[in-house]
Each structure stands twice: as structure tokens, then as C-alpha cells.
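# Structural overview for review
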Amino acid sequence: MPQPNILLIVVDCLRADHAYDRSLSRTPVLGGLIENGYAFSNTISSANCTTPSFAAILTGLTQIENGVRCLHGDRLNPSVPTLAEALKKAGYSTYAEASGPLGPETGLERGFTEYNYRMRQGHNSPWGQDILRRIAGGYQAPWFLMLHIWDLHGPRWVIPECRGRECGSSDYARALSSIDVYLQALMRSLPANTVVVLTGDHGEDFSRSEIDSIRRYIWTHIIMSKPFKSAWKRGLIPKHVSEISRGRIDNHYDALFEILIRVPLIFHAPGILRSGASTLQVRHVDIAPTILELAGVTPSGDMTGQSLAGIMRGEPGDHREAYIEVGASRRRRALPGLVLAGFRRANRYKYVCTLDGSRFGPWLYDLEKDPDERQNIAATQPELIAEFRNRMQELQSRRVASGTLTTEEHKAVQDRLKALGYM
Ligand SMILES: [Zn+2]
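Residues numbered from 1 in each chain as written. Predicted model: local features only at pLDDT ≥ 70, side-chain atom pairs only at ≥ 80, totals over all residues.

### Side note on the nonpolar core
Counting residues in hydrophobic clusters, the biggest one holds 81 residues, and the most contacted among them are L8, I9, L145, V197 and I291. If we ignore the near neighbours within four places in the chain, the residues touching I291 are I6, L8, L83 and V197. Within the second largest apolar cluster, 32 residues are counted, among which are L71, I259, L260 and A322. (Core = buried A, V, L, I, M, F, W, Y, C linked by C-beta atoms within 7 Å. Buried ≥ 20, exposed ≤ 12 C-beta atoms within 10 Å, placed from the backbone. Contact = placed C-beta atoms within 7 Å.)

### Concerning the sheet that holds strand β11 (residues 349-354)
Spatial ordering of the open sheet is given by β9-β10-β11-β12, a layout of four strands whose pairing is antiparallel. The open sheet terminates on both sides in strands that have one partner only, identified here as β9 (322-325) and β12 (363-366). Strand-to-strand, the axes of this sheet are offset by a mean angle of 15°, without reference to chain direction. Judged from the four bridges that link them, β11 and β12 form a sheet pairing that is antiparallel. Across the sheet, the residue bridging to Y349 is D366, located in β12. (Pairing = 2+ DSSP bridges. Helix = DSSP H or I, 4+ residues; strand = E, 2+ residues; numbered from the N terminus. Axes fitted to C-alpha atoms, helices over the stretch in contact; angles between N-to-C directions.)

### Some points on unusual backbone geometry
The residue after G154, namely P155, is reached through a cis peptide bond having omega -10°. With respect to the helices and strands, the residue P155 is situated in the loop between β5 (143-149) and α7 (171-189). Here G361 and P362 are connected by a cis peptide whose omega angle stands at 0°. Looking at the element boundaries, P362 is found in the loop between β11 and β12. With a phi angle near 70°, C13 is a residue other than glycine that sits in the positive phi range. One can find C13 in the loop between β1 (5-11) and α1 (16-20). Phi angles above zero are rare outside glycine, and E373 is one such case at about 55°. Relative to the elements of secondary structure, E373 occurs in the loop between β12 and α15 (382-396). A residue is classified by how many C-beta atoms lie within 10 Å of it, and E373, with 20 of them, is buried.

### Remarks on the packing of helix α2 (residues 28-36) against α7
Put simply, α2 and α7 touch, their axes get as near as 7 Å, and they point 60° apart. In terms of orientation, α2 lies oblique with respect to α7. Of α7, the residues touching α2 (which contributes P28, V29 and L30) are D180, L183, Q184 and M187. Its residues assigned to classes, the contact of α2 with α7 comprises five nonpolar, one polar and one charged. (Parallel < 35°, antiparallel > 145°, perpendicular 65-115°, else oblique. Nonpolar A, V, L, I, M, F, W, Y, C, P; charged D, E, K, R; others polar.)

### Some words on the sheet that holds strand β6 (residues 194-200)
By way of backbone hydrogen bonds, the strands of a sheet pair with one another, either parallel or antiparallel. Reading across from one edge, β4-β3-β5-β1-β6-β7-β2-β8 is the order of the eight strands in this open sheet, with mixed pairing throughout. In this open sheet, the two edge strands, each paired with only one partner strand, are β4 (114-117) and β8 (276-283). Between one strand and the next, the sheet's axes are offset by a mean angle of 15°, whatever the strand orientation. Bridging between strand β3 (residues 93-98) and β5 involves five bridges; their strand directions are parallel. Considered in β5, the bridge of S93 is made with W143.

### Considering the packing of helix α6 (residues 126-138) against α7
Interaxial distance between α6 and α7 falls to 8 Å at its minimum, and their mutual angle equals 20°. The angle between α6 and α7 falls in the class roughly parallel. Judged by the twist between their axes, the crossing of α6 over α7 is right-handed. Every residue of α7 that contacts α6 at G128, L132, I135 and A136 is listed here: Y182, A185, L186 and S189. (Left-handed = near helix turned anticlockwise from the far one by under 90°.)

### A short note on helix α9 (residues 226-233)
Where burial is concerned, little of α9 is hidden: zero out of the eight residues are buried. Just downstream of α9, G235 is the residue with a positive phi angle, here 85°.

### Some details on the environment of L108
Mapped onto the secondary structure, L108 falls in the loop between β3 and β4. Residue classification places L108 among the buried positions, given that 27 C-beta atoms sit within 10 Å. Along the chain, L108 and I291 lie 183 residues apart, while their C-alpha atoms are 17 Å from each other.

### Brief notes about the pairing of β5
Summarising burial for β5: seven of the seven residues are buried, a large majority. Of the two faces of β5, the one lined by W143, L145, L147 and I149 and the one lined by F144, M146 and H148 are each fully buried. With six bridges connecting them, β1 and β5 associate as parallel partners. Each residue of the ladder has a partner; that of L8, found in β5, is M146.

Next up, the structure:
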């Protein structure tokens, strides 16, 4: 059998609950991928924001091990091999369509024959149509395409036919219905011998009604204001900003709650992969080694992630412990008391701490008994906390440096992020 084409679709801000619950949006195509493919319902993203999550997906390494830990300003460590490089070396033509903060300065373009960056463009555009044409015959087979879909990211894009209540009760749900219309055209364009992998880079918190939206607008201005930030950094506010933000901001803010880190992961390749589903906990870092195994390619270096192909073949598997970290800028990382990181273990425990272990936290949640993460049980589980603390120290000791950006590249990134509304 010839090597399959591989289409990796990463939908920005796609939460697991909204992807898997078909009553929330109108998503017949996504539903078909889930039913006829293999779905992992407990997939954990590496971060709450775009760039480190993509870096983990494209390297099979955590952000500690690949050097990309924040939204902007970090570059993939030059010594870290990438998924695209391994596929290219094995004869694949490698293409990427990236958006938002994923400019070439991130180093994530390494290994792609073509890395097309567009600042912000929905699928309902000449760009989206061009992708369909190229998939139908414009790419040199076997090919690997990493397609970053931005439409679910705020401000969300909803096509006119998906603006009704039947397509969802929130802008978020309607934007997902809108993406599903594009997925239909995409699936029709695909050559037969293609493996489709679909995931989200992280989750999202969003308003559910107009009143909720007004309330969140006011809270966003309070939490983002200089006096609030200053009071928080001085220790005058007893709660971490992540707890204050929950349910009050429309965004993927600085926190590691389930709505921000649980994403879908679906592999669809009838004739190559059987259909099925798993509730095992798996991670973003497992995606690259899985794709390489499905393509019959050996990784060029060590990966922390492990292939999920065996589980999809019906072999027994284990939960994979996930490292999670907020995407904090270098300036914030100079104040590690404000940076959150942690582990999610076996769909049961979530441990979160500040990186200097001071002032706030640690937090420990029992997700089985407390899925909404309301009760911090850290004080009742000292042995578990000590174990997680040691795990954290061990992982942090393996930290690799980010590559450096030139002054011009920093300026280009700042200008782009301002235009995208991040700054
Ligand atoms: Zn994102």
C-alpha cells in the first residue's frame, strides 16, 4: 500500500465537549468523522494557548523540552527535530496553512516545503477555496498538510446559513456549525488514501447569553485594568487571577481548567484504521509519533509522546500523564510566582502550582468527584502533592532554551499581535 496522505486539522479553540456533543451545534461531518473514525474523548492540550500547543503537536515534546512556552517571543529550539522534517525526509511533500500567532518566527515552519502564513482569514474566503483546489490535486503525493482553522477564535466567524438557533445557542456553537460546512467540502476534495487527524489546540470559555456577554465585558475590563493587575502582583488580592477569571472572561485566559485544556482528537482513515473510541487520557505530544507510525516513518529523535496506533488496533493501553502549563511571556516567566503549571493524571487528579511554589497554590482536584474543579484538596493529600512536586522538579530540570528572535522579528511579531487584538 502506498504511503497515505495525512491531513492534520487543528481547529483553534475547539473544546472536547462541543466537538463530541452533537446536540450543541449542527455538525454532521464532524459527527461522521467521530463515528467512522477513532475518537479519544480525554485528550489534554499542552497549554491554554496557541503557540506552545502547536509546538507540542509538531514535535511530540512538551514545551519544557522544545523551548516554545508562550504565545509569542519564543522560537523552537534549533536542536529539536520536527514531525514535518521526519515526514519530508521520508519522501513526503509537507505543507502548512497557519494563522494567528503562528508566524515563521516561531520556528514551527521548519520541515515544511511550503509554510503559508495568513494573519486572520476564515475558511469562507479565496484562501479557503484555494485549499480545496490544492487538496483535490495540487499537492504532490504523498503529502502532509497541517491546516490551522481560525474561525472559532474570537471574534468568531459564522457564515450566513449558520446564524440561526438551529446551529447552536451561542456564537461559539454557531461558528463550529459554520466550520462543519467547510469540513464537508474538505472531505469531498480528499483523495481516497488520506488519513485525517482532527484536534483543537486548546479550549475556550465563552458567553452563553447576551446578559452573560455584558457581564463578562465588564469583568474583562476590571481584570485587565492596571490597578487590578498591580494589586494582584503585590499580593493584595488573595486569589490567583486564574480563579477570578473563570466564567468571567470570553477567552482562553491564564488558567488550566478543563474547559481550557480538554480537546478532541479524532483519527479517520477507513480501510487503514478501524473505527472506535477510547476514554484513556492521551496528550497533544502523542499526535506526532502516531502520525509517524501511520506513515511508516521512524522519528528522527526522541519524543516524549508515544504512538496511539496500538490502542487504535485494539491493543491494551494506559493513561498518559499530561504536563500542562499556561503560555506565559518571558516577562511573566521572570516572575514564576505568577506562572501556572501542573500535571493531569489518569483522568483523576489535576495538580497545579506556581513555578516558584510561593504565595498561591498548590491546587489539587479530584476530577472524578469534582469535575468542575471547585474544591482544592491539596491540604488533604500531602504525599501526592510531594510526588507531583518531585515530578515537576525533574521535568523543569530538563528545560531547553528557546531559539532567539532578531530585533526585526520581535517588531514584526508585536505589530502582528496588535493587529490581531492580543495587545
Ligand atoms: Zn489557539
